[in-house]
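Residues per chain, in single letters:
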Amino acid sequence: MIAAPLLLILMAVALVRAGWGGDRRLSHGGWALGAGALLWLALLDGAWAVAVGATLGVAAAMALMLFIAATAPVRRSAGRTGASRPEKIAVATARSGVRADDLALRRRLAVFVLTVPVSFLAAQWFAFACNAAMKGDAPLEANSVATMFMAVPLVWAGLMSWQLCQRGPADMIRPPLLIAGLGALLWMFA
């Protein structure tokens, strides 16, 4: 009975990969298909089926990425203007007086900061908002606290995945801002 949504999860992973660096609509469709398949699994067999579906999705994505990494030829990346990355770095360093190694290090540091502490703080904020929405004015109870503890790693992992699918650090700022904004809305109506 759960075979159909599990197949949809495999198709979702393939769509996300097909849209990676190409038509973003394919990627968005893959994410929507995966979420719909997980919802279908939840309705069929509850948490067990969702765990099976999520595990299958992660395993399929890892297998796909390992295959692509093993078979992909080494190539230079071209930017939007058609210039290669070393040429872009050379132009940027000539303008700013900063070495190319320093620019690459700054970019990596920006990606780390945006995906680890910033996303964690946004996930934590969202989890506290969920806790506030669940309990209202009542004192803390076990259900709201357990939900908060479960929400943080799930939202954080989702945020990091979303951010790492973006083109660069400037585009990586939007996902945590959206989640933090959603958390603020939840908190306002709690």
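To start, this report covers the structure provided alongside it.

**A short note on the overall build of the protein chain**
Point 1. Helix and strand counts for the protein chain come out as six helices and zero strands.
Point 2. If you list the helices and strands of the protein chain from N to C, you get α-α-α-α-α-α.
Point 3. The buried share among the 190 residues of the protein chain stands at 26%.
Point 4. Within the protein chain, residue pairs in contact and separated by at least 24 positions form 61% of the contacts whose partners lie at least 6 positions apart.
Point 5. Carbon and sulfur atoms provide 71% of the accessible area of the protein chain, an area that totals close to 12400 Å².

**A word on the packing of aromatic side chains**
Point 1. Applying the stated rule across the entire model yields two aromatic pairs.
Point 2. With a centroid separation of 5.0 Å and 65° between ring planes, the pair formed by Phe 120 and Trp 156 is classed as edge-to-face. Taken as a pair, Phe 120 in helix α4 (residues 100–135) and Trp 156 in helix α5 (residues 142–164) lie far apart in primary sequence, 36 residues in all.
Point 3. For Phe 120, a relative accessible area of 31% translates into the label partly exposed.
Point 4. Between Trp 125 and Trp 187, the ring centres sit 4.7 Å apart and the planes meet at 40°, which makes this aromatic pair tilted. In this pair, Trp 125 is assigned in helix α4 and Trp 187 in helix α6 (residues 174–189), connecting sequence segments 62 residues apart.
Point 5. A relative accessible area of 38% places Trp 125 in the partly exposed class.
Point 6. Relative accessible area serves as the criterion here: at 36%, Trp 187 is assigned to the partly exposed category.

**Some points on the side chain of Gln 163**
Point 1. Among the structural elements, Gln 163 can be located in helix α5.
Point 2. Residue Gln 163 is classed as buried on the basis of its relative accessible area of 0%.
Point 3. Here Ser 119 takes part through its side chain, which lies 2.3 Å from a polar atom of the side chain of Gln 163.
Point 4. Of the polar contacts made by the side chain of Gln 163, one reaches the backbone oxygen of Met 172; its length is 2.8 Å.
Point 5. Excluding its chain neighbours within four sequence positions, the residues that come into contact with Gln 163 are Leu 114, Thr 115, Ser 119, Met 172, Pro 175 and Pro 176.

**Details of the nonpolar core**
Point 1. Residues Ala 122, Ala 123, Phe 126, Cys 130, Val 155, Leu 159 and Ile 179 constitute the largest nonpolar core, which totals seven residues.
Point 2. Ranked by residue count, the leading element in this core is α4, at four residues.
Point 3. What Phe 126 contacts, discounting residues up to four positions off in sequence, is Val 155, Ile 179, Leu 182, Gly 183 and Leu 186.
Point 4. Core analysis: the next-biggest nonpolar cluster, separate from the first, contains six residues, Ile 2, Leu 6, Ile 9 and Leu 41 among them.

**Considerations on a nonpolar patch on the surface**
Point 1. A cluster of nonpolar side chains, namely Leu 109, Phe 112, Val 113 and Val 118, defines an oily patch on the protein surface of about 330 Å² accessible area.
Point 2. Val 113 sits in the partly exposed class, given a relative accessible area of 34%.

**Some details on α5**
Point 1. Between its first and last C-alpha atoms α5 spans 34 Å; for 23 residues at 1.5 Å apiece the expected length is 33 Å, and the two agree.
Point 2. At Ala 151, α5 shows its maximal bend, which comes to roughly 25°, and the proline Pro 153 appears one to four places after that position.
Point 3. For α5, the full list of buried residues reads Ser 144, Met 148, Ala 151, Val 152, Val 155, Leu 159 and Gln 163.

**Digging into the pattern of salt bridges**
Point 1. Counted under the stated rule, the structure contains two salt bridges.
Point 2. Here Arg 25 ties to Asp 23 by a salt bridge, and the two come within 3.1 Å at their closest N and O atoms.
Point 3. Classification of Arg 25 by relative accessible area gives exposed; the value is 65%.
Point 4. With a shortest N-O distance of 2.9 Å, Arg 174 and Asp 171 are connected by a salt bridge.

Reading the values: the criteria
In this convention, every chain numbers its residues from 1, walking through the sequence in written order. Predicted model: local features are reported for residues with pLDDT of at least 70 only, side-chain atom pairs are reported and counted for 80 or more only, and whole-chain, interface and lining totals are derived from all residues. In computing side-chain values, all of the structure's heavy atoms are included and hydrogens and water are not. Every helix listed is a DSSP run of H or I at least four residues long, and every strand listed is a run of E at least two residues long, numbered separately from the N terminus. Each residue's exposure class comes from its accessible area (1.4 Å probe, protein chains only) as a fraction of the maximum for that residue type: buried when under 20%, exposed when over 50%, partly exposed otherwise. In this description, contact between two residues means that some pair of their heavy atoms is separated by no more than 4.5 Å. What sets the accessible areas is the Shrake-Rupley method with a 1.4 Å probe; for residues, cover comes only from the shown protein chains. For this analysis, a ring pair means two rings from Phe, Tyr or Trp (six-membered ring only for Trp) whose centres lie within 6.5 Å, classed as stacked if their planes differ by under 30 degrees, edge-to-face if by over 60, and tilted for the remaining angles. Nitrogen and oxygen atoms within 3.5 Å of one another constitute a polar contact, given that in protein one can donate a hydrogen and the other can accept it, and given that sequence-neighbouring residues count only through two side-chain atoms. As used here, the term nonpolar core means buried Ala, Val, Leu, Ile, Met, Phe, Trp, Tyr and Cys residues forming a set that is joined through side-chain atoms within 4.5 Å. The patches described consist of residues with a relative accessible area above 30% and no salt bridge, like charges being joined within 9 Å and nonpolar side chains (Val, Leu, Ile, Met, Phe, Trp, Tyr) within 5 Å. Any Lys or Arg side-chain nitrogen located within 4 Å of an Asp or Glu carboxyl oxygen qualifies as a salt bridge. A helix is expected to span 1.5 Å for every residue after the first. A residue's bend is given by the angle between axes fitted to the 7 residues ending at it and the 7 residues starting at it.

Take it as geometry only, folks, not as evidence of what the structure does.
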